[in-house]
Amino acid sequence: MVRRWHGLEEVPADWGRSVVTIGVFDGVHRGHQRIVRAAADQAAERGLRSVVITFDPHPDEVVRPGTHPPLLTSTRRRIELLEGLGTDAVVVVPFTLELSKVPPDEFVRSVLADRLHAAHVIVGEDFRFGHKAKGDVALLKELGGKYDFTAEGMPLVADGDTISSTYIRGRLDAGAVEDAATALGRPHRVEGVVVRGHQRGRALGFPTANLETLPHTAIPADGVYAGRLVCDSDRYPGFSWPAAISIGTNPTFEGPGERTVEAYALDRDDLDLYGEHMAVDFTDRIRDTLKFDSIEALIEEMHRDVARARELLG
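These numbers were taken from a predicted model, which means no experiment stands behind them.

Colleague: Quick one: what's the story with the sheet that holds strand β11 (residues 223–231), residue by residue and with numbers?
Modeller: Strand order in the closed barrel formed by six strands is β9-β10-β13-β12-β11-β14, and the pairing between neighbours is antiparallel. The average undirected angle you get between the axes of adjacent strands in this sheet is 45°. Looking at chain direction, strand β9 (residues 188–195) and strand β14 (residues 277–287) are connected through six bridges and run antiparallel. Within β14, the position partnered with H188 by the bridge is F282. Along the sheet face, helix α10 (residues 295–313) touches β11, β12 (239–248), β13 (260–265) and β14 and points at about 95° away from the line of β14.

Colleague: Describe the nonpolar core, and please don't skip the residues or the numbers.
Modeller: I22, I53, L112 and V121 are the most contacted members of the largest nonpolar core, which totals 33 residues. At the level of elements, β2 (18–22), β3 (49–56), β4 (89–94), α5 (104–115), β5 (118–124) and α6 (137–147) are the ones that each hand at least two residues to this core. By residue number, the principal contributor to this core is α5, which donates five residues. Core analysis: the second largest hydrophobic core is formed by 32 residues, A183, L184, A263 and M278 among them.

Colleague: Quick one: what's the story with the sheet that holds β3, residue by residue and with numbers?
Modeller: Where strands meet in a sheet, backbone hydrogen bonds hold them as pairs that are either parallel or antiparallel. Spatially, the six strands line up as an open sheet ordered β1-β4-β3-β2-β5-β6, and their pairing is parallel. The sheet terminates laterally at β1 (3–6) and β6 (150–154), the two strands that pair on one side only. For this sheet, the mean inter-axis angle between neighbouring strands, taken without regard to orientation, is 20°. Bridge count for β1 against β4 is four bridges, and the pairing is parallel. Across the sheet, residue R4 finds its bridge partner in β4, namely V90. Sheet strands in contact with helix α3 (residues 75–83) are β1, β3 and β4, and its direction is about 165° off that of β3.

Rules and cut-offs
- Positions within a chain are numbered from 1, following the residues in the order the chain's sequence is written.
- Side-chain atom pairs in this predicted model are given and counted only at pLDDT of 80 or more, local residue features only at pLDDT of at least 70, and totals for whole chains, interfaces and linings cover all residues.
- Hydrogens are left out, water is left out, and the side-chain values use all remaining heavy atoms of the structure.
- A pair of strands is treated as paired once DSSP finds two or more bridges between them.
- To qualify as a helix, a DSSP run of H or I must reach at least 4 residues; to qualify as a strand, a run of E must reach at least 2; elements of each kind are numbered from the N terminus.
- Orientation is described by axes fitted as lines to C-alpha atoms, over the contacting stretch for helices, and by angles from 0 to 180 degrees between their N-to-C directions.
- Whether two residues are in contact is decided by their heavy atoms, any of which lying within 4.5 Å being enough.
- By convention a nonpolar core is built from buried Ala, Val, Leu, Ile, Met, Phe, Trp, Tyr and Cys residues, the set being connected through side-chain atoms within 4.5 Å.
- Accessibility here uses a 1.4 Å probe with only protein chains present; expressed as a share of the type maximum, an area under 20% marks a residue as buried, one over 50% as exposed, and anything in between as partly exposed.

What follows is the structure, given as structure tokens:
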């Protein structure tokens, strides 16, 4: 069973030597997965345990408020994905202004040496740490000699391709969810609580779950997509349904439109999802958001969208 710690103070005092990897790991994309698995493999070879350190909130949100990038994963989802990569423990370190001012040497001593008793540390080759991001892989290796561990920086690559969260965000901005899924190693997911909207979908014969998305979520470009509607609540534990997903401002209807993420579970009009925590996984882009001359034309197009989604999802 993977251990989960919220803060370094939860690490047991008798925790033995470990192989550690550190990063924000937003998206837990295929490059991140390679690093985390490498740490787990090295730990197994050495008879040690592996630990992943991640941060919440995103460091940019603390250091430069308002400038942090859209987030590819919620904290909960990120932890779940990291736990599925063979690590023994995940520690979520609250990122604070005080932590951002800790010098690199002090960060290494207090976190890696004193708390986690690191024997080896694996990070991305562009990893930075400490006050004003002064620490890099070269300094980490140097400090490893001082605090009795070795360190290495690995490129964020998979199958020969460099993978980055920035690239994935760019593909989502372009609506290219297929490219994003290739880099992530799974469909991009957007989470939120189902809230009451204008209920236009139900009136048109396609009742949708309207997600109030989490703050700072990376949402794909406006358009219609195929994917899945996923629920992990007590009412529908572990359930998911093939879905047609719409993102946009509903331009066919008059008035200023609020951008929404809505998902129609194919051929289901019996789901009571209000108040449930849900997610949508995006697998394919179907079309751009369009403004129709009539409601009838919109309904005809929605039928085609659903048929296309059913075809894509099998």
